[in-house]
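Residues per chain, in single letters:
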Amino acid sequence: MAIIMDGKALAKKVRLQVAEQAARLPRQPGLAVILVGDDPASAVYVRNKEKDCQQCGIRSLEYRLPAETSQQALLALIARLNEDPAADGILVQLPLPRHIDSRAVLEAIRPDKDADAFHPENAGRMLTGEPAVWPCTPAGVMELLHEYGISPAGKRCVVLGRSNIVGKPMALLLLRENGTVTVCHSATPDLEEATRRADILVSAVGRPGLIGAAQVKEGAVVIDVAINRTPEGRLCGDVDFDAVAPKASYITPVPGGVGPMTRAILMKNVLALAKMHQAEAK
């Protein structure tokens, strides 16, 4: 039976480390969170991030804007926050209303304040191996692997999904630690053949039940990034946990696996940005 990788416990550990380091800084780190509209799920995420900030000694600067806010007004707010020394990190909660161009908004955030690491400059830094903050979910996966003593080096790593937020950066971070990486997607022929070869399998597709026991190699490490909701309202990932757990060596649950780590890494990113800003100010 697989060892269950406890993201909640590790996230708590990371938050404590962030709080200890934040308390030693000359100035309290700050995170500006912008929420446009009243999407219920987004509102929950923002409340959770505010709670995380409180636990980590990070000042939470919250901006709640009506759904009809224009793109110009949103960009003007970001421009002000780019110059505000109290905001070490800026996060715009997605999704945005349809009339707003998400790419234009994310690219307006100054790279040194990009807490989510979505800016093209930060993506380029990750690609070339330069120091940078990393996207929260892939970085959270790497923290989990490190915590459980799992090295990607010399292993076949298969990533399902090629999004800019998870799939592509996940592949880069595994490659950075000497994994042999295959990225699979909707056009991949014989997906099952690819997943059965994986020593480390990361699924970030958003299809409940996509990965069953037949798709997994004996002893594989299985990381389920997806968060889906069943018709009955239950949260689940891409992996059939009950079927795969007896076959895997390690597995993440949903919820309680990668999700808590995503939030914890956001706090770690804000701390890193604050340290950089305060070092530059000396």
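Read on for an overview of the structure. (Residues numbered from 1 in each chain as written. Predicted model: local features only at pLDDT ≥ 70, side-chain atom pairs only at ≥ 80, totals over all residues. Heavy atoms only, no water.)

Observations regarding the pattern of salt bridges
A side chain of one charge can pair with a side chain of the opposite charge if their charged atoms are brought near each other. Within the structure shown, the criterion is met by 11 salt bridges. Between lysine 13 and glutamate 147 there is a salt bridge whose closest N-O contact spans 3.2 Å. A residue pair is termed long-range when its members are at least 10 positions apart, and lysine 13 in helix α1 (residues 7-23) and glutamate 147 in helix α6 (residues 136-147) qualify at 134 residues. Using a relative accessible area of 38% as the deciding quantity, one classes lysine 13 as partly exposed. With a relative accessible area of 39%, glutamate 147 lands in the partly exposed category. Of the charged contacts, one joins arginine 125 and glutamate 121 as a salt bridge, the two residues approaching to 3.8 Å between their closest N and O atoms. Here glutamate 121 and arginine 125 lie together in helix α5 (residues 120-128), a separation of four residues that amounts to about one turn. Through salt bridges with shared partners, a single ionic network connects Glu83, Arg110 and Asp112. (Salt bridge = Lys/Arg side-chain N within 4 Å of Asp/Glu carboxyl O. Helix = DSSP H or I, 4+ residues; strand = E, 2+ residues; numbered from the N terminus. Buried < 20%, exposed > 50% of the residue type's maximum accessible area, 1.4 Å probe, protein only.)

So, the state of the cysteines
According to the stated counting rule, one finds zero disulfides in the structure shown. Here cysteine 157 is not cross-linked by a disulfide; its sulfur's nearest cysteine counterpart is in cysteine 184, at 12 Å. (Disulfide = S-S within 2.5 Å.)

Regarding the pairing of strand β7 (residues 200-203)
The two faces of β7 match: Ile200 and Val202 on one face and Leu201 and Ser203 on the other face are all buried. Judged from the four bridges that link them, strand β5 (residues 156-160) and β7 form a sheet pairing that is parallel. The residue bridging valine 159 from the neighbouring strand is valine 202, located in β7. Pairing analysis gives four bridges linking β7 to strand β8 (residues 221-224), with the strands arranged parallel. Directly across from leucine 201, in β8, lies its bridge partner valine 222. (Pairing = 2+ DSSP bridges.)

Examining helix α7 (residues 167-176)
Those residues of α7 that sit buried are Gly167, Pro169, Met170, Ala171, Leu173 and Leu174. Along its buried surface, α7 packs onto α5, α6, β5, β6 (180-184) and β7. Just past α7, the residue asparagine 178 takes up positive phi, approximately 70°. (Contact = heavy atoms within 4.5 Å.)

Side note on helix α2 (residues 40-56)
An ideal rise of 1.5 Å per residue puts 24 Å on 17 residues; α2 measures up with 25 Å between its terminal C-alpha atoms. By the burial criterion, the buried members of α2 are Ser42, Ala43, Val46, Asn48, Lys49, Asp52, Cys53 and Cys56. Within two residues after α2, glycine 57 carries a phi angle of roughly 70°, on the positive side. (Expected span 1.5 Å × (residues − 1).)

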